[in-house]
Amino acid sequence: MTTPQQRTVDLLCGAFDLNDRRKFELVDAKGDLLLELYFKPITRSDRIRAMSTAGTEDALKVSTQMLCQMAELEDGTKAFAMADAVRLQRELPEKVLNDLELFLHGMEADGTIADAKND
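Small disclaimer: the values here were computed from a predicted structure and weren't measured.

> Can you walk me through the packing of aromatic side chains in this structure?
The description of two aromatic rings rests on the distance between their centres and on the angle between their planes. This model, assessed by the stated rule, comprises two aromatic pairs. Note on F24 and F103: the rings are 5.1 Å apart at their centroids and 55° apart in plane angle, and the pair reads as tilted. Taken as a pair, F24 in strand 1 (residues 22–27) and F103 in helix 5 (residues 94–104) lie far apart in primary sequence, 79 residues in all. Of the two residues examined, F24 and F103, each falls in the buried class.

Structural data, given as structure tokens:
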């Protein structure tokens, strides 16, 4: 008896663990560890939800919204409220926000915002 062939969608979706998290260590201006944030892989659905919440397709606004949506603390709780995006954009140094968002998008620290926009 022949085993039914696995559907392509099942093969693809089963090959990736969406619960696998990466850790980002955020340091303060003195280089001391301030906070550890964890990120699961971004899905297209996550990106669409962030765009909808941001109410724009502006890459910088969407990226910060996605940061608020995706960042977790070690115990799995959300690190930010969705409304925190505006405050992060207004009160956090650009370099810090860039580093966080580039990590979120799987970019190396030496990547650029233009690279993240094309992701």
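This is not the end of the story, as more comes after the structure.
> Explain the nonpolar core here, please?
A general trend in soluble globular proteins is that nonpolar side chains are found buried together. Among the nonpolar cores identified, the biggest contains 18 residues, and F24, F39, L67, F80, L88, L100 and L104 are the most heavily contacted of them. Of all the elements in the fold, those that place two or more residues in this core are strand 1, strand 2 (33–39), helix 3 (59–70), helix 4 (84–91) and helix 5. Counting residues per element, this core draws most heavily on helix 3, at five residues. Once residues lying within four places of it in the same chain are set aside, the contact partners of L67 are F39, F80, L88, L97, L100, E101 and L104.

Definitions and cut-offs
Residues numbered from 1 in each chain as written. Predicted model: local features only at pLDDT ≥ 70, side-chain atom pairs only at ≥ 80, totals over all residues. Heavy atoms only, no water. Phe/Tyr/Trp six-rings, centres within 6.5 Å; stacked < 30°, edge-to-face > 60°. Helix = DSSP H or I, 4+ residues; strand = E, 2+ residues; numbered from the N terminus. Buried < 20%, exposed > 50% of the residue type's maximum accessible area, 1.4 Å probe, protein only. Core = buried A, V, L, I, M, F, W, Y, C linked by side-chain atoms within 4.5 Å. Contact = heavy atoms within 4.5 Å.

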